[in-house]
Amino acid sequence: MTTKTLVYIEINDNKTEIVSKEIVSHVSKHFSDTEICAVVVGSEQAIQACFDEINSLGADKIFIVQNELLAKYNVCVYSKVVAQLINNIQPDVFLMGATSYGRELAPRIASNLDIGLTADCTDLQLDTEGLLLATRPTYGGKMMATIISKTKPNFATVRKGAFKFKQPDVKQPEICYYDADFSGIENILNKTEVLASEIKAQPDDWTSAEVIIAGGLGLKSKENFELIYKLAELLGAKPAASRAAVELGWASQSIQVGQTGCCVSPKLYIAFGISGALQHMSGLSNAEKIIAVNIDKSAPIMNAADVAIPADAPDVINSLISKLSN
Amino acid sequence: MTFKIAVFIKQVPDTDDIRWTEHNTIQREGLESVINPYDIGAIQLAKNVKFLLDDCEITAVSMGPVQTKDALREALAMGCDNAYLLCDKKFAGSDTLATAYVLSKFIKSHLNDFNLIICGYQAVDGDTAQTPSSLAQKLDIPQITGVTALKEITNDYSIWFKSSSTLNQQIKICHPALISTTINNTEILPDINGYIKAQAADIKILCAQDLQTEADKTGFAGSPTQVKKAFRPVIERSTKIIEENNVTKIADYILAAIQECKEQDDN
Ligand SMILES: Cc1cc2nc3c(=O)[nH]c(=O)nc-3n(C[C@H](O)[C@H](O)[C@H](O)COP(=O)(O)OP(=O)(O)OC[C@H]3O[C@@H](n4cnc5c(N)ncnc54)[C@H](O)[C@@H]3O)c2cc1C
Ligand SMILES: Nc1ncnc2c1ncn2[C@@H]1O[C@H](COP(=O)(O)O)[C@@H](O)[C@H]1O
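Since we're looking at a predicted model, the values are computed, not measured.

Okay, the overall build of chain B next. Across its full length, chain B carries 7 helices and 13 strands. For 267 residues, the compact-globule estimate of 2.2 N^0.38 gives 18 Å, and chain B exceeds it by more than 25% at 23 Å. Dimensions of chain B, computed from C-alpha atoms along their principal axes, come out at roughly 75 × 45 × 40 Å. Going through the 267 residues of chain B one by one, you find that 50% of them count as buried. Sequence separation of 24 or more characterises 71% of the internal contacts of chain B that already satisfy a separation of 6 or more. For chain B, the accessible surface area stands at approximately 12900 Å², while carbon and sulfur atoms represent 47% of it.

Put into structure tokens, the structure is as follows:
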């Protein structure tokens, strides 16, 4: 093995984040000749709850940093222990999911180690020299940039849904318990305190659904948008929305697709009444097939989809629903 | 004791106004510049703090080329009390790590007795959201990312509402601290007095020497990340158009496509 790639496995509520699994899958498939290491940080109980899942992700080695002081996520504390581990094992590449935690944790780790960081990537490649080529959208999705870094490890965060998770063949990873230095940590923990916390209703890992039914402003009303949920349910598919629909309150931000929402990678994406702005399409680059239903033949999506159907979206949805209900 | 707030603002190109050169790069000349919308949210929060505390001073700070003075003048008109521009050829080309370094050196040299730093959640030109965390680490202070509102504040601590995609939280933090905010596109109208004050105000310009930055930590030289290539997203799909007036037939077509995708799965 000529290089070492470390992937941060994020765990929340006794589950591993899908994006962490997607990264391991991508690295296994696309990085040749690299040792895949995973690191997981938390209390013993939290790590135990996810242990089997992490064990079967396809990593060669798993580093476990467990301590009761890590029971509650704290960006200052987590960044400190991960930076210690990195100094210790010296990976060539370090990857993390661009979740809400990842987006604050990663820059704090990078700043601690004085290394570069490329955020919110949608593609990663390892060149023959072991250099990470990290591609991300920029200027609100109007441009893509491939970024390299002069410092080691080459560090990037990855958008959820940019890669596909594939359950790997059985492999028995080596487990290493890492003894981090916790001196001074209590003092840091005392500086912030979560007084109240409420979990928002969250659709499960919908971004990796096989079929996604999305709606936009072309649906014209909240009532019509409800048809998207109904159709998705009848089809065993997941609903999604454009930002314009989210802004009008027709759908929750958690199901927005695009630059400021989620990346999705379904086998089939059906867009009803969505114009196909670049910011929306940037969340769709990994969709296998896109069907667009739009009344306006000249809408951008009518050139960007695989199949373009000029038609009235509510009409088509109603027809689908009545067929499926029979 | 005066409660001191630093608000970090960035001037960004108006992304709605982007035009392309023939080489597929962004046409920078004639591009309108605006204050990053999230940083206007940061100014708004600073004003909320000032409203609640008797003795409070807001300092707006930006690193950028000389034109950034316009953004700082606007910040003054919106109610900031002082403004500093960190401007030096040596800073040009800084990535977020180098930027956070320069900002941290400003704090250490000119505002070391600050109580609170407020940043925008992210800048709309790069959408990286890295600078605030990176800066908090350099100053070794606690942080909250993405607050939406202030609940309570004293000189020693503050309590904020935060909303992420999964949680709604109330978080208490001890000062000195850094927060970033997801409030954006709030337009604070400068009042007449603010406007007059801003015209007369002196925007202090500080260079590398004033901040005592090390040359190998700023600008291109101090930036580990580099753009290897930039390109416009290409849409590689070739589109088939289905011309069909009969809605039932369209529905059949779509159901067949879904069926096909499920069958693939079985193989
Ligand atoms: C920094 C930035 C980030 C952004 N991030 C995102 C993002 O993450 N996701 C996102 O989606 N957008 C994003 N946007 C917004 C994006 O630019 C578009 O404004 C948005 O995607 C438009 O949503 P829409 O297609 O639903 O609405 P519109 O653009 O208004 O399109 C509605 C479409 O419906 C069609 N239509 C009308 N009537 C019917 C009918 N009866 N039947 C069928 N079709 C009909 C119309 O022809 C039109 O094409 C972002 C913008 C910025 C500046
Ligand atoms: N050059 C800069 N000058 C001042 N503040 C900045 C600068 N760059 C970034 N910031 C601050 O960091 C936030 C996030 O920016 P970014 O990391 O570029 O997405 C901005 O909203 C600003 O508050």
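Residues and elements named next belong to chain A. A rise of 1.5 Å per residue sets the reference length of helix α6 (residues 222-235), with its 14 residues, at 20 Å; its end C-alpha atoms lie 20 Å apart and thus fit the reference within 8%. Of all the residues in α6, the buried ones are Phe225, Leu227, Ile228, Leu231, Ala232 and Leu235. The arc enclosing the buried residues of α6, seen along the axis, measures out at 135 degrees, which places them on a common side. Across from the buried face of α6, at angles greater than 90 degrees, the exposed residues are Glu223 and Glu233. Gly236 sits one or two residues past α6 and shows a positive phi near 65 degrees.

In terms of nonpolar packing, the biggest core is built from 58 residues, with Ile213(A), Tyr269(A), Phe272(A), Ile309(A) and Ile254(B) touching the most fellow members. Residues within four places of Ile309(A) in sequence aside, it is in contact with Ile291(A), Ala292(A), Val293(A), Asn294(A), Met302(A), Ile242(B), Ile250(B), Tyr253(B) and Ile254(B). Membership of the second largest hydrophobic core comes to 39 residues, among which are Ile35(B), Cys80(B), Ile173(B) and Ile188(B).

This part takes up the site of ligand 2. Residue and element names in this part refer to chain B. In the region of ligand 2, 19 residues are neighbours, and Phe8, Asp39, Ala123, Ala129 and Thr131 sit closest. Gly120 places a main-chain nitrogen or oxygen 3.0 Å from an oxygen atom of ligand 2. At a separation of 2.8 Å, an oxygen atom of ligand 2 approaches a polar backbone atom of Ala129. Out of a free accessible area of 480 Å², ligand 2 has 98% covered by protein chains. Residue assignment for the shell around ligand 2 shows that the elements contributing at least two residues are β4 (56-63), α3 (96-110), β6 (116-120) and α4 (131-139). With 3 residues, β4 is the largest single contributor of residues to the shell around ligand 2. Classifying every residue of the shell around ligand 2 by side-chain character gives 9 nonpolar, 8 polar and 2 charged.

As a further point, take the side chain of Thr3(A). Residues and elements named next belong to chain A. Positionally, Thr3 belongs in strand β1 (residues 3-9). Under the relative-accessibility criterion, Thr3 is labelled buried at 10%. Dropping the residues within four chain positions of it, Thr3 is found in contact with Asp33, Thr34, Glu35, Asp92, Leu126 and Gly130.

Another point: the packing of helix α3 (residues 75-89) of chain A against helix α4 (residues 100-113) of chain A. Angle between the axes and distance between the axes: these two values describe a pair of packed helices. Residues and elements named next belong to chain A. Two elements in contact, α3 and α4, have axes separated by 9 Å at closest approach and are oriented at 50 degrees. Comparing their axes, α4 and α3 come out oblique. Judged by the sense of rotation from one axis to the other, the crossing of α3 with α4 is right-handed. From α3, Val75, Cys76, Tyr78, Ser79, Lys80, Val82, Ala83, Ile86 and Asn87 reach across to α4, where they touch Glu104, Leu105, Arg108, Ile109, Asn112 and Leu113. Among the residues forming the contact of α3 with α4, the class breakdown is 9 nonpolar, 3 polar and 3 charged.

Moving on, we get to the environment of Tyr253(B). On the secondary structure map, Tyr253(B) appears in helix α7 (residues 247-266). Assessed through its relative accessible area of 24%, Tyr253(B) is described here as partly exposed. For the pair Tyr253(B) and Ile242(B), spaced 11 residues apart in sequence, the C-alpha to C-alpha distance is 9.4 Å. Excluding residues that lie within four positions of it along the chain, Tyr253(B) makes contacts with Ile291(A), Val307(A), Ile309(A), Lys240(B) and Ile242(B).

So, about the sheet that holds strand β18 (residues 307-310) of chain A. Strand order in the open sheet formed by 6 strands is β15(A)-β14(A)-β16(A)-β17(A)-β18(A)-β13(B), and the pairing between neighbours is parallel. The outermost strands of the open sheet, each flanked by one partner alone, are β15 (238-241) of chain A together with β13 (240-241) of chain B. Looking at chain direction, strand β14 (residues 211-215) of chain A and strand β16 (residues 268-272) of chain A are connected through 5 bridges and run parallel. Each residue of the ladder has a partner; that of Ile213(A), found in β16(A), is Ile270(A). Contacts from helix α10 (residues 313-325) of chain A reach β16 and β17 (289-294) of chain A within the one sheet, and its direction differs from that of β16(A) by about 130 degrees.

The rules we used
- Residues numbered from 1 in each chain as written.
- Chains lettered and ligands numbered in written order.
- Predicted model: local features only at pLDDT ≥ 70, side-chain atom pairs only at ≥ 80, totals over all residues.
- Heavy atoms only, no water.
- Helix = DSSP H or I, 4+ residues; strand = E, 2+ residues; numbered from the N terminus.
- Rg over C-alpha atoms; globule rule 2.2 N^0.38 Å.
- Buried < 20%, exposed > 50% of the residue type's maximum accessible area, 1.4 Å probe, protein only.
- Contact = heavy atoms within 4.5 Å.
- Areas by Shrake-Rupley, 256 points an atom, 1.4 Å probe, with all protein chains shown as cover.
- Expected span 1.5 Å × (residues − 1).
- Arc of directions from axis to C-beta.
- Core = buried A, V, L, I, M, F, W, Y, C linked by side-chain atoms within 4.5 Å.
- Near = heavy atom within 4 Å.
- Polar contact = N/O pair within 3.5 Å; in protein donor to acceptor, adjacent residues only side chain to side chain.
- Nonpolar A, V, L, I, M, F, W, Y, C, P; charged D, E, K, R; others polar.
- Axes fitted to C-alpha atoms, helices over the stretch in contact; angles between N-to-C directions.
- Parallel < 35°, antiparallel > 145°, perpendicular 65-115°, else oblique.
- Left-handed = near helix turned anticlockwise from the far one by under 90°.
- Pairing = 2+ DSSP bridges.

Geometric descriptors of this kind do not, in isolation, establish any biological role.
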